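Residue-level structural notes
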Amino acid sequence: MRRFTYGVIMAAVLATALAACAQRPPAPQVEKFSDGELPVPEKYKSWPKFLSDVQRPDAKQVREIYINPIGNSTKMGDNFPNGTITVMEIYKAREAADGTPLKGADGKLVKGELQKIGVMGKGPGWGESVTPPELKNGDWVYSMYMADGKTKAPDDYATCRACHLPLTDKDYIFRYDEYFQKRAD
Ligand code: HEC
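Here is what the cut-offs are and how they apply
Residues numbered from 1 in each chain as written. Predicted model: local features only at pLDDT ≥ 70, side-chain atom pairs only at ≥ 80, totals over all residues. Heavy atoms only, no water. Near = heavy atom within 4 Å. Polar contact = N/O pair within 3.5 Å; in protein donor to acceptor, adjacent residues only side chain to side chain. Helix = DSSP H or I, 4+ residues; strand = E, 2+ residues; numbered from the N terminus. Nonpolar A, V, L, I, M, F, W, Y, C, P; charged D, E, K, R; others polar. Buried < 20%, exposed > 50% of the residue type's maximum accessible area, 1.4 Å probe, protein only. Pairing = 2+ DSSP bridges.

Per an unreviewed UniProt entry, the recorded name for the protein chain is Hemoglobin, and the organism is Nitrosospira briensis.

This is the structure we're talking about:
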């Protein structure tokens, strides 16, 4: 009888210990960012390309967009998960002396100097600080830097939010369909 009790107690202790081991470690504290605070990630150039050589003749620009691996694991039709960051390099399109845009052999705009670097990232509760709240883009926050990736650009973040805002069914990402289409190819 005594031996049996001891066995039962030991089994219970072991089960409790195992359950504790199986429990996930506490989630790491995610830093909260507001507009203008999210830095340009150091290694973004090694990230998957979201879209390359995006042609913006209207703005006389060529853009290169990167997405971090967490974002790149998203399935078409889903929203991007917390932890997603996209980086967009904005290049000036090269112009001829008379101001007309130069075109490469492929008929595309020719990338000139890097002008700015934009960042979009989302995390839990990051959208809470947005004012006015009508401009909330889910939990996305925005940053824009000059070409050095450190000097803050003078952009007003309300303009970023207002322009991306209507894309609620694409998780506020303009070229959502194009990106997933490219990935499927
Ligand atoms: C007038 C509309 C408009 C405004 C204002 C605007 N964006 Fe965008 N943004 C776009 C479009 C359109 C794209 C898709 C790429 C393209 O076609 O140039 C884009 C793409 C992006 C991307 C790449 C990820 C994605 O969503 O596709 C980032 C990062 C980004 N914008 C950041 C910003 C930031 C930061 C600001 C404000 C400083 C801003 N945008 C303001 C229209 C806008």
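With that settled, consider the site of the ligand. If you check the shell around the ligand, you find 20 residues, and the closest are Arg63, Cys160, Cys163, His164 and Arg175. Taking Arg175, its side chain carries an N or O atom lying 2.8 Å from an oxygen atom of the ligand. Residue assignment for the shell around the ligand shows that the elements contributing at least two residues are β1 (49–56), β2 (61–67), β3 (85–93), β4 (111–122), β5 (140–146) and α3 (157–164). The greatest single-element share of the shell around the ligand, amounting to four residues, is contributed by α3. Each residue belonging to the shell around the ligand can be placed in one class, and the counts come to 11 nonpolar, five polar and four charged.

Right, let's get into the pairing of β3. Judged by how many residues are buried, β3 sits mostly within the fold: seven of nine residues are covered. Note: β2 against β3, seven bridges, orientation antiparallel. For Arg63, the partnering residue across the bridge sits in β3 and is Ile90. Where β3 and β4 come together, eight bridges link them in antiparallel fashion. The partner of Ala93 across the bridge, within β4, is Lys111.

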